[in-house]
Structures are given as C-alpha cells and as structure tokens.
Amino acid sequence: MSKKITLSAEIELVEFEALSKVEQIVLGKAKSVSENSYSPYSNFQVGAAVALESGEILQSSNQENVSYPVGVCAERLVLGYAGANFPTEFPSIIGVVAKRKGEESWASVSPCGMCLQGINEVEMRFGKIMTILILRQDGQVFRAQGVKNLLPLKMDDLKS
Ligand code: THU
C-alpha cells in the first residue's frame, strides 16, 4: 500500500522596495561582499549577509579550493562567523545573492541543501525562525519565514 503525502511550503515574492529597510541593507551588503568571492573554479560569485538582532550586519562570500569539496558557501561562512563571534545573538535575517563572473545581471540562486541545514541549526539553537531572502534575476526577492519552507524534510531532532 502506498499513500501520497503532500508537503506544503510558503514563500513570498516581494518587490525590493517593499522589503523592510533592514532587509534591503542585508541584500545590499550581500551584493557588495559578493565581489570578494574567491571562485576561480565555478566563476559563480555568491554573497550572503545576516542581520543580528542587535542590528549588526555581517557578510561573507563563497571561498573555493582547488580540492573542490573544501570550498565553502557564502551562507555557511557568514553563519559560522556569526556563531563564532556573536554566539548569543540571533541572526534573524539572512540574504543571499549570486552573479556569474563577468555578467551584469544577478543570477537567481537558492541556498544549497547543506546551507539550508546550516540555517536549520541556527533556528534550532535559538528556538526561532529566520527570515530568508533570495534575490532573483528579475530583481524581485523570494522571502521565506523559516527554513522549513525551503527544506521541508530537514534533519532536526536527535532526541526522539
Ligand atoms: N554556493 C554558495 O556560496 N551558496 C549556495 O547556496 C550555493 C553555491 C557556491 C559554492 C561554489 O563556490 C559556487 O557557489 C558554485 O556552486
């Protein structure tokens, strides 16, 4: 016997100008830091920024390695930095942008599965959900409230 189960997820499509001021700043910082991407292997420049509840904004770009799996995504670098340096402050917003080297327009990117699992860890650690902003090629923004909307079957409980 088999039973079909439908998983639901909800994200908003928001005009950039309709984002809150801090959300706009987060994406702006993600855009500027993407220029520091070290991505000679993929030529895909990713920027990620987080807003801590204190208002401080942190940002990182992706950093690759000749041994490809050693490279780290922008999102996990910025979340790791936040955890390492501001362990008690919840990063309530994360924004992600990407661009192919040499291209003018932004590319649409969704955080990879490992990064979504990384976001999940932050949500579990603080018992709160993050606002996740993804810049699209057309300049609009996907906004998700909580990683469960992007990774419905996340690994999230070792206790039960
Ligand atoms: N990348 C990120 O930085 N974040 C993602 O969520 C997706 C992928 C990086 C990894 C690699 O350096 C390049 O983009 C191409 O996959």
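Scroll up to find the structure this text is about.
My aim in this report is to walk through the structure given alongside it, one point at a time. (Residues numbered from 1 in each chain as written. Predicted model: local features only at pLDDT ≥ 70, side-chain atom pairs only at ≥ 80, totals over all residues. Heavy atoms only, no water.)

## Quick look at the pattern of salt bridges
This model, assessed by the stated rule, comprises 5 salt bridges. A salt bridge links R136 to D138; the shortest N-O distance between them is 2.4 Å. Between D156 and K154 there is a salt bridge, and its shortest N-O distance comes to 2.8 Å. On the accessibility criterion, D156 (35% relative accessible area) is partly exposed. Salt bridges sharing common partners tie together E12, E23 and R143. (Salt bridge = Lys/Arg side-chain N within 4 Å of Asp/Glu carboxyl O. Buried < 20%, exposed > 50% of the residue type's maximum accessible area, 1.4 Å probe, protein only.)

## Quick word on helix 3 (residues 113–126)
When the terminal C-alpha atoms of helix 3 are compared, their 20 Å separation across 14 residues agrees well with the 20 Å that a helix rising 1.5 Å per residue should span. Within helix 3 the residues assigned to the buried category are C115, L116, I119, N120, V122 and E123. Take helix 3 and look down its axis: the buried residues cluster within an arc of 160°, on one side only. Projecting away from the buried face of helix 3 at angles above 90 degrees are the exposed residues M114 and R125. Buried residues in helix 3 make contact with helix 2 (74–85), strand 4 (91–100) and strand 5 (131–135). Looking one or two residues beyond helix 3, the residue adopting positive phi is G127, at roughly 65°. (Helix = DSSP H or I, 4+ residues; strand = E, 2+ residues; numbered from the N terminus. Expected span 1.5 Å × (residues − 1). Arc of directions from axis to C-beta. Contact = heavy atoms within 4.5 Å.)

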